[in-house]
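Fold and geometry: a report
Spelled out, the chains give:
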Amino acid sequence: MTTNNNQTFLLRSVLEKDKLNGTNFIDWYRNLRIVLKQEKNLDVLDHPLPIELARNATAAQREAFKKKKVTPTMTSTSSFAIMVHLKEMFQEQARQRFVTTKALTSCKMALGTPVSSHVLKMKWYLDTLEKLNVRVNRELAIDLILGSLLDSYDSYIMNYNMHKMDKSVTELHGMLKSAEENIHKTNHVLIVQKGISKKGKAKGKVPTKSKDNKAGPKSKDKRKRHPSLSPSPSKMRAHASTIIMLGIGKGTVLYT
């Protein structure tokens, strides 16, 4: 009998040491069942017991009912209802913790979104997990935020890691807003320079004619002669007669 009492005392000390705090429900529930099983009262968690026994209850049932000291003010039904409520509460908490954790780890900064709004969104996820008794240390929180930024922040992230900066989420928020302004200025300068280079190329370019346009009209000029340069048939005959007369000596009779 003394051994059983010692075991019960030791088991109860486990519950006293590890009380329910919102994050250890599974461990706490397991220890509670071990203690109640040792005391042979485990059924109060699984089944509600009536306040009064039935008239045809056996002697063993009456003895067990008397041992549990069930009263209208504090009944095993109350114990059962409490456990049902705790299970529902912590199941909902576990579901909310899962949803929030998934949203935090998959959150990515959208193009065109201000960095301030994005960081505030991720900070809300971190605060929600803290309310659910899930603590995310500062280093991990910073890594999650930096890893969710756009590619345009790569140089800033590299600089942050190289200098081993140790900042809080609030301090990082302010630094990212300054980095955003510098990124916008740099992008504006690049756009202006690109526009100037395009205008310079357009001014220095001399329009040239294609080879087909050069060869076309000239070839036609070579083949086609002006009508005034072509001799008429009468002129050609007179020119031939002059050449013949120059070749004939004086006194020569052409026709007889």
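So, here is what we can say about the structure in this document. Every chain begins its residue count from 1, and numbering advances along the sequence as written. Given that the model is predicted, a residue must reach a pLDDT of at least 70 before its local features are reported, and side-chain atom pairs must reach 80 or more before they are shown or counted; all residues, however, enter totals for whole chains, interfaces and linings. Where side-chain values are given, they derive from all heavy atoms of the structure, hydrogens and water being excluded.

Looking now at helix 7 (residues 138-147). Among all positions of helix 7, only Ala141, Ile142, Ile145 and Leu146 are buried. Angularly, the buried residues of helix 7 cover 130° about the axis, an arc narrow enough to put them on a single face. Working definition: with a 1.4 Å probe on protein chains only, accessible area under 20% of the residue-type maximum means buried, over 50% means exposed, and in between means partly exposed. Helix numbering and strand numbering both begin at the N terminus, where a helix is a DSSP run of H or I of at least 4 residues and a strand a DSSP run of E of at least 2. The directions considered for the arc run from the helix axis to the C-beta atoms.

Further remarks concern the nonpolar core. The set of buried Ala, Val, Leu, Ile, Met, Phe, Trp, Tyr and Cys residues whose side-chain atoms join them within 4.5 Å is what this entry labels a nonpolar core. Counting residues in hydrophobic clusters, the biggest one holds 23 residues, and the most contacted among them are Leu146, Leu149, Tyr153, Leu172 and Leu176. Top contributing element to this core by residue count: helix 6 (residues 115-131), with six residues. Note on contacts: a residue pair is in contact if any heavy atoms of the two residues lie within 4.5 Å. Setting aside chain neighbours within four positions, we find Leu146 in contact with Tyr156, Ile157, Tyr160, Asn161 and Leu172.

Time to look at the pattern of salt bridges. Whenever Lys or Arg places a side-chain nitrogen within 4 Å of a carboxyl oxygen from Asp or Glu, that contact is recorded as a salt bridge. If you walk through the whole model with that rule in mind, you get four salt bridges. Between Asp27 and Arg30 there is a salt bridge; the shortest N-O distance is 3.2 Å. Here the residue Asp27 and the residue Arg30 both occupy positions in helix 2 (residues 25-38), the gap between them amounting to three residues, near one helical turn. Since its relative accessible area comes to 39%, Asp27 is described here as partly exposed. Its relative accessible area of 44% is what places Arg30 among the partly exposed residues. Close ionic contact of Asp127 with Lys123 constitutes a salt bridge, the shortest N to O distance being 3.5 Å. Highlighted residues: Asp127 and Lys123, both in helix 6, separated by four residues, approximately one helical turn. On the basis of relative accessible area, Asp127 is assigned to the partly exposed category, the value being 31%.

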